[in-house]
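Here is how the chains run, residue by residue.
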Amino acid sequence: MDSTRKTTLCQRVVLALTIAAAFSWCGAFLSAQQPVRGTIAGRVTADQGQVRAARVAAHNLDRRIWYTVFTNKGQYTVPRALPGRYEVMVIEPGYDSPRVAVELAPGGSQSADLAVKMRVSAQRVGSEGGDEGPSARGGAGKVVYVDRLEDVYPAGAERDLLKEHCTGCHSTDLTALHYTREQYLRGIERMTETGPGYNAYVLALGRTPIDRRQKTMLAEYLTRHFGPGMPEKRLRVDPLVLDEEVASRSIYVSYDIPDDLPFPPGGNRIGAPMVDGVTPQLPPETRHHLQAASISPVDGHVWYSSRASSSILRLDPRQLDPVSRWKNYPIKGDPYVHPSGIAVDKQGKVYWAELRTARIGELDPATGKQIRYALPQQAGAVLQVVVDRDQNIGFSLIWGAFFGRLDAVTRRIHMYPTPTPDNGMYGLAFDSSGNMWGAGWQKGTISKWDAESQKVIEYKVPTAWGQIRRVGVDSRNVVWGSAYNTGLLVRLDPATGRHTEYKIPLNGAQPYDAWPDKSDNVWSADHVHSALVKLDPATSKWTFYPMPQPNQSVPKFEMADDNTIWFGTRGVPNITAVHFYPNGYTAEAPPLP
């Protein structure tokens, strides 16, 4: 071998050894940056009542992370917790809890026992309603509890009209108004002629043919049964008895949002009937709200639509530093757009839906550049966005009746009307063939935009009173929908058009989502019972997991490849990004960060 070849070979060996050493050093360095985790454990006792699957929250004040676990026979364990200063507490309706300070050293173990006291005022099981958390209802006087919507509204031609056109938005709240005939008629006219006035893109039932005679029928029916002095009717809420073995295996890891997240002003606008003045908008929000989550296929970052700050948030769940963990992208061009659904394509570009401005937003995180696409016509409010296999962006119009599509190549927007007017497209999902499925919120359908024919096909859910809220598609292209006001998950076989209904075995349940995981279990959230709900369709078995905060509203799931679940937070005191481990930490689903 000549000297030149010997020199080249030696250089290659040295280079290989250098690279190997560098990788070894980097691995050791990265390993050194990861703190050694520890454990917090203890016992929960109560002065009154039973301690069953009690919710224990450990808040790491240094890392701005919450660990939420549940007791089993009074004992709890927070496993593999990051070191730092903690406040540990029980968060249960009707109970006051101490906040115990804990300092957890790397690799350490700490004990924190918690003695809770029942409040003097009685606590009712379940929420009175409101999909953004518990809310007070209007009206006063006698309340009658019933089991079904058929028991709320007496039978007749008027009820058929209500079921077809009204309960998709109103469910049982019409019974709490106690209006006179003239007031009910005025409300019906508003819904069918102009739509609610708080948003110019809310058209309500503006395309649905309801004549004067039918409006009068509805007003007289509502006055007769729910007018002044008549009782209000509500759906009865069964108590949920949790399985401690199931609950105590799960863990929630929740990330505090940035402290400096702004509340931008809504601003004023010029418009009729003002001449020398302005028409004020709604006042700015004062509570934050993470609506929807989407995991980037590029880097695993989790993106959220942040309604109150009118911005898009990026979360790096592997980042230990709570400041570096988040990046805020304010939406440009309007003071407030009410961002809703969110999605990320294969290039890492982020898309969002705007409810207040009826636009599709696009963000390139690499450059910070934003594009906001206007619709070809005013046709409702944009609620959801999804990405198909070819990177086209699908979107839905609620308070309208359209599927929409932003072409990946031409960047042109196409819109496709539904056969039923004012169908109110809500949640969306693509199947493996590129067909887009939508939830008909206002009229109770599961609808399909066919990728080949570009026609919209509707499948009426026979028992629906409107309110098919979201849809999901499993690995076999079977479509699932959530019937929010009847407590049903609905399975639709597209090959046959056949519906199969699965009733949540708790009266009063309100399933929000219908999202299959990687094993084709179907997940939903029921804020009324403060539970996440899993259905195994193969066995028809239901499993209930208590939420990290009581009565938390979870509008949209995002399923990770490891079968853990990401979602946002609204309607509760602590606004966080939430990562749910149904089976706790495993080799396939290790703790983050």
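What comes next is a walk through the structure. Given the structure is predicted, the values throughout are model-derived calculations rather than measurements.

**So, the overall build of the protein chain**
Step number 1: If you tally the helices and strands in the protein chain, you get seven helices and 41 strands.
Step number 2: Scored against the burial criterion, the 593 residues of the protein chain give a buried share of 55%.
Step number 3: Approximately 25,600 Å² of the protein chain is accessible, and the part contributed by carbon and sulfur atoms is 53%.

**Points about the packing of helix H3 (residues 157-165) against helix H6 (residues 212-226)**
Step number 1: It is at 9 Å that the axes of H3 and H6 come closest, and there the two elements cross at 105 degrees. Classed by the angle they form, the pair H3 and H6 counts as roughly perpendicular. Here Ala157, Glu158, Arg159, Leu161 and Leu162 of H3 lie close against H6, whose contacting residues are Gln214, Met217, Leu218, Tyr221, Leu222 and Arg224.
Step number 2: Residue classes in the contact of H3 with H6 are distributed as seven nonpolar, one polar and three charged.

**So, empty space enclosed by the protein**
Step number 1: Within the structure shown, the criterion is met by one cavity of 30 Å³ or more.
Step number 2: The calculated volume of the largest cavity comes to roughly 70 Å³.
Step number 3: Lining the largest cavity are Ala57, Trp66, Thr68, Ile91, Ser254, Pro548, Gln549, Asn574 and Thr576.
Step number 4: When the residues that make up the lining of the largest cavity are grouped by side-chain class, the tally is four nonpolar, five polar and no charged.

**A word on unusual backbone geometry**
Step number 1: Omega for the peptide link from Leu592 to Pro593 comes to -5 degrees, which places this bond in the cis form.
Step number 2: Looking at where Pro593 falls in the secondary structure, it is placed in the segment after strand E41 (576-581).
Step number 3: Even without glycine at this site, Ser540 takes up a positive phi of about 60 degrees.

**Topic: the state of the cysteines**
Step number 1: Tallied over the full model, the rule gives zero disulfides.
Step number 2: Free cysteine Cys166: the closest other cysteine sulfur is in Cys169, separated by 8.9 Å.
Step number 3: For Cys169, a relative accessible area of 37% translates into the label partly exposed.

**Considerations on the environment of Tyr221**
Step number 1: Here Tyr221 shows up in helix H6.
Step number 2: In sequence terms Tyr221 and Ala157 are 64 residues apart; their C-alpha atoms lie 9.7 Å from each other.
Step number 3: Sequence-distant contacts of Tyr221, that is, excluding residues within four places in its chain, are made with Tyr153, Pro154, Glu158, Arg159 and Leu162.

**Brief notes about the nonpolar core**
Step number 1: Judged by nonpolar contacts, the single largest core of 58 residues is most densely connected at Ile446, Leu532, Phe557 and Phe567.
Step number 2: Setting aside residues no more than four positions away along its own chain, Phe557 makes contact with Asp513, Trp515, Trp523, Ser524, Ala525, Leu532, Ile565, Trp566 and Phe567.
Step number 3: Counting residues in hydrophobic clusters, the runner-up holds 42 residues, among them Ile65, Leu82, Ala293 and Leu320.

**Quick word on the pattern of salt bridges**
Step number 1: Summed over all chains, the structure comprises 29 salt bridges.
Step number 2: Note that Glu158 and Arg224 form a salt bridge whose closest N and O atoms lie 3.5 Å from each other. Here Glu158 is found in helix H3, whereas its partner Arg224 is found in helix H6, with 66 residues between them in sequence.
Step number 3: For Glu362, the salt bridge goes to Arg411, with nearest N and O atoms at 2.8 Å. Here the residue Glu362 occupies a position in strand E21 (residues 359-364), and Arg411 occupies one in the loop between strand E25 (402-406) and strand E26 (413-417), the gap between them amounting to 49 residues.

**Quick notes on the packing of helix H5 (residues 181-194) against H6**
Step number 1: Remark: H5 packs on H6, axes separated minimally by 8 Å, with the N-to-C direction vectors making an angle of 135 degrees. Of the possible angle classes, the one that applies to H5 and H6 is oblique. Seen along the crossing, H5 lies across H6 with a hand that is right-handed. Between H5 and H6, the residues in contact are Arg181, Tyr184, Leu185, Ile188, Glu189, Thr192 and Glu193 and Arg212, Lys215, Thr216, Leu218, Ala219, Glu220, Leu222, Thr223 and Phe226, respectively.
Step number 2: When the residues that make up the contact of H5 with H6 are grouped by side-chain class, the tally is seven nonpolar, three polar and six charged.

**Examining the sheet that holds strand E29 (residues 445-449)**
Two pairing modes exist for strands in a sheet, parallel and antiparallel, and in both the strands are linked by backbone hydrogen bonds.
Step number 1: The four strands lie next to each other as E27-E28-E29-E30, forming an open sheet whose pairing is antiparallel. Two strands close off the open sheet at either side, each with one partner strand: strand E27 (425-430) and strand E30 (456-460). Ignoring strand direction, the axes of neighbouring strands in this sheet form an average angle of 25 degrees.
Step number 2: Note: E27 against strand E28 (residues 436-440), four bridges, orientation antiparallel. For Met425, the partnering residue across the bridge sits in E28 and is Gly440.

**A word on the pairing of strand E1 (residues 38-46)**
Step number 1: As paired elements, E1 and strand E4 (residues 75-81) share five bridges and run antiparallel to each other. From the neighbouring strand, Arg43 faces E4, where its bridge partner is Gln75.
Step number 2: By the bridge criterion, three bridges tie E1 to strand E8 (residues 109-111) in an arrangement that is parallel. Note that in E8 the partner of Thr39 across the bridge is Ser109.
Step number 3: Relative to strand E9 (residues 114-118), E1 runs parallel, the two being bridged by three bridges. By the bridge assignment, Thr45 is partnered in E9 with Ala115.

**Some remarks on the sheet that holds E21**
Step number 1: Strand order in the open sheet formed by four strands is E19-E20-E21-E22, and the pairing between neighbours is antiparallel. Since the sheet does not close on itself, it has two edges, and those belong to strand E19 (339-344) and strand E22 (369-374), each with one partner. Within the sheet, the average angular offset between the axes of one strand and its neighbour, ignoring direction, is 20 degrees.
Step number 2: With four bridges joining them, E19 and strand E20 (residues 350-354) adopt antiparallel strand pairing. Bridge pairing in E20 links Pro339 to Glu354.

**With respect to the environment of Ala401**
Step number 1: With respect to the helices and strands, Ala401 occurs in the loop between strand E24 (393-398) and E25.
Step number 2: Remark: the alpha-carbon pair of Ala401 and Leu205, spanning 196 residues in sequence, is separated by 9.9 Å.
Step number 3: If sequence neighbours within four positions are ignored, Ala401 has contacts with Arg207, Ala379, Tyr416, Pro417, Thr418, Thr420, Pro421, Asp422, Asn423 and Gly424.

**A few points about the side chain of Asp450**
Step number 1: Mapped onto the elements of the fold, Asp450 is located in the loop between E29 and E30.
Step number 2: Judged by its relative accessible area of 14%, Asp450 falls in the buried class.
Step number 3: A polar contact is formed between the side chain of Asp450 and the backbone nitrogen of Glu452, at a distance of 3.0 Å.

**Concerning H3**
Step number 1: Turning to H3, its buried residues number three or more, namely Glu158, Arg159, Leu161, Leu162 and His165. Buried residues in H3, looked at end-on, bunch into an arc of 155 degrees, giving them a common side.
Step number 2: Buried residues in H3 make contact with helix H2 (149-152), helix H4 (167-170) and H6.

Conventions and cut-offs
- Residues numbered from 1 in each chain as written.
- Predicted model: local features only at pLDDT ≥ 70, side-chain atom pairs only at ≥ 80, totals over all residues.
- Heavy atoms only, no water.
- Helix = DSSP H or I, 4+ residues; strand = E, 2+ residues; numbered from the N terminus.
- Buried < 20%, exposed > 50% of the residue type's maximum accessible area, 1.4 Å probe, protein only.
- Areas by Shrake-Rupley, 256 points an atom, 1.4 Å probe, with all protein chains shown as cover.
- Axes fitted to C-alpha atoms, helices over the stretch in contact; angles between N-to-C directions.
- Parallel < 35°, antiparallel > 145°, perpendicular 65-115°, else oblique.
- Contact = heavy atoms within 4.5 Å.
- Nonpolar A, V, L, I, M, F, W, Y, C, P; charged D, E, K, R; others polar.
- 1 Å grid on protein atoms, 1.4 Å probe; cavity = no way out; pocket = protein on both sides within 12 Å on 5 of 7 lines; lining within 4 Å.
- Points joined across faces, edges and corners; volume = space filled by probe spheres on them.
- Disulfide = S-S within 2.5 Å.
- Core = buried A, V, L, I, M, F, W, Y, C linked by side-chain atoms within 4.5 Å.
- Salt bridge = Lys/Arg side-chain N within 4 Å of Asp/Glu carboxyl O.
- Left-handed = near helix turned anticlockwise from the far one by under 90°.
- Pairing = 2+ DSSP bridges.
- Polar contact = N/O pair within 3.5 Å; in protein donor to acceptor, adjacent residues only side chain to side chain.
- Arc of directions from axis to C-beta.

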